[in-house]
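A closer look at the structure
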Amino acid sequence: MAHPKRRTSSATRDKRRSHYKLTPKAVTLCATTGELHLRHKAYVVDGDLYLNGKVAIKDYAPVAAPAPTDNDEE
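Here is a short report on the structure shown in this document. The structure presented is a predicted model; accordingly, all values stated were derived computationally and were not measured. (Residues numbered from 1 in each chain as written. Predicted model: local features only at pLDDT ≥ 70, side-chain atom pairs only at ≥ 80, totals over all residues. Heavy atoms only, no water.)

1. Notes on the pairing of strand S5 (residues 54-57)
Let me state the cut-off plainly: Here, strands pair whenever DSSP counts at least two bridges between them. Segments assigned H or I by DSSP are reported as helices when at least four residues long, segments assigned E as strands when at least two residues long, and all are numbered from the N terminus.
One ladder, built from 3 bridges, connects strand S4 (residues 48-51) with S5; its direction is antiparallel. Across the sheet, the residue bridging to Tyr-50 is Val-55, located in S5. Between S4 and the antiparallel strand that follows it, S5, lie 2 residues; Asn-52 among them carries a positive phi value of about 60 degrees.

2. A few points about the packing of aromatic side chains
Convention followed: Centres within 6.5 Å make a pair out of two Phe, Tyr or Trp rings, where for Trp the six-membered ring is used; the pair is then stacked when the planes are under 30 degrees apart, edge-to-face when over 60, and tilted otherwise. In this scheme, a residue with accessible area under 20% of its type's maximum is buried, one over 50% is exposed, and one in between is partly exposed, where area comes from a 1.4 Å probe on protein chains only.
On inspection of all chains with the given rule, the structure shows 1 aromatic pair. For the ring pair Tyr-43 and Tyr-50, a centre distance of 5.9 Å and an interplane angle of 15 degrees mean the geometry is stacked. Judged by its relative accessible area of 9%, Tyr-43 is buried.

Below, the structure is given as C-alpha coordinates:
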(Lines give C-alpha, C1' and ligand atoms only; values in the text may rest on other atoms or scores of the structure.)
Protein backbone atom coordinates (compact mmCIF):
# COMPACT_ATOMS: atom_id res chain seq x y z
CA MET A 1 0.00 0.00 0.00
CA ALA A 2 1.11 3.55 -0.69
CA HIS A 3 2.18 5.71 2.23
CA PRO A 4 2.97 9.41 2.14
CA LYS A 5 6.64 10.24 2.54
CA ARG A 6 5.82 13.59 4.14
CA ARG A 7 2.99 14.68 6.36
CA THR A 8 0.29 16.65 4.52
CA SER A 9 0.05 20.13 6.02
CA SER A 10 -3.27 21.49 7.21
CA ALA A 11 -3.14 24.23 4.56
CA THR A 12 -2.70 21.71 1.74
CA ARG A 13 -5.43 19.51 3.19
CA ASP A 14 -7.85 22.45 3.49
CA LYS A 15 -7.11 23.62 -0.06
CA ARG A 16 -8.02 20.19 -1.34
CA ARG A 17 -11.30 20.22 0.61
CA SER A 18 -12.28 23.75 -0.45
CA HIS A 19 -14.57 22.48 -3.23
CA TYR A 20 -16.63 20.22 -0.95
CA LYS A 21 -19.49 22.56 -0.21
CA LEU A 22 -23.25 22.32 -0.21
CA THR A 23 -25.31 23.98 -2.88
CA PRO A 24 -28.68 25.52 -1.99
CA LYS A 25 -31.84 23.72 -3.07
CA ALA A 26 -33.65 25.16 -6.10
CA VAL A 27 -36.82 26.68 -4.62
CA THR A 28 -39.49 28.30 -6.79
CA LEU A 29 -42.58 30.37 -6.12
CA CYS A 30 -45.65 28.90 -7.84
CA ALA A 31 -47.53 31.42 -9.96
CA THR A 32 -50.83 29.58 -9.44
CA THR A 33 -50.82 28.97 -5.68
CA GLY A 34 -48.11 31.33 -4.43
CA GLU A 35 -46.42 28.47 -2.55
CA LEU A 36 -42.69 27.91 -2.29
CA HIS A 37 -41.76 24.44 -3.53
CA LEU A 38 -38.80 22.43 -4.80
CA ARG A 39 -38.42 22.55 -8.56
CA HIS A 40 -39.53 19.49 -10.55
CA LYS A 41 -41.35 18.07 -7.50
CA ALA A 42 -45.05 17.78 -6.72
CA TYR A 43 -46.34 19.67 -3.66
CA VAL A 44 -49.53 19.75 -1.57
CA VAL A 45 -51.59 22.92 -1.07
CA ASP A 46 -54.92 22.80 0.82
CA GLY A 47 -55.24 19.04 0.32
CA ASP A 48 -54.62 19.10 -3.45
CA LEU A 49 -51.45 17.81 -5.12
CA TYR A 50 -49.94 20.27 -7.61
CA LEU A 51 -47.37 19.62 -10.33
CA ASN A 52 -46.18 22.26 -12.82
CA GLY A 53 -48.76 24.74 -11.48
CA LYS A 54 -51.72 22.45 -12.22
CA VAL A 55 -53.79 20.23 -9.94
CA ALA A 56 -52.48 16.69 -10.41
CA ILE A 57 -54.69 14.97 -7.80
CA LYS A 58 -57.77 16.58 -6.26
CA ASP A 59 -58.33 15.85 -2.52
CA TYR A 60 -54.93 14.18 -2.26
CA ALA A 61 -54.30 12.11 0.89
CA PRO A 62 -50.85 10.80 1.71
CA VAL A 63 -50.38 7.06 1.22
CA ALA A 64 -49.20 6.46 4.77
CA ALA A 65 -52.30 6.98 6.90
CA PRO A 66 -51.87 7.15 10.68
CA ALA A 67 -52.20 3.78 12.37
CA PRO A 68 -55.37 3.26 14.44
CA THR A 69 -54.88 3.31 18.19
CA ASP A 70 -56.40 0.92 20.73
CA ASN A 71 -58.61 3.71 22.13
CA ASP A 72 -60.54 3.97 18.85
CA GLU A 73 -61.85 0.39 19.09
CA GLU A 74 -63.83 0.90 22.30
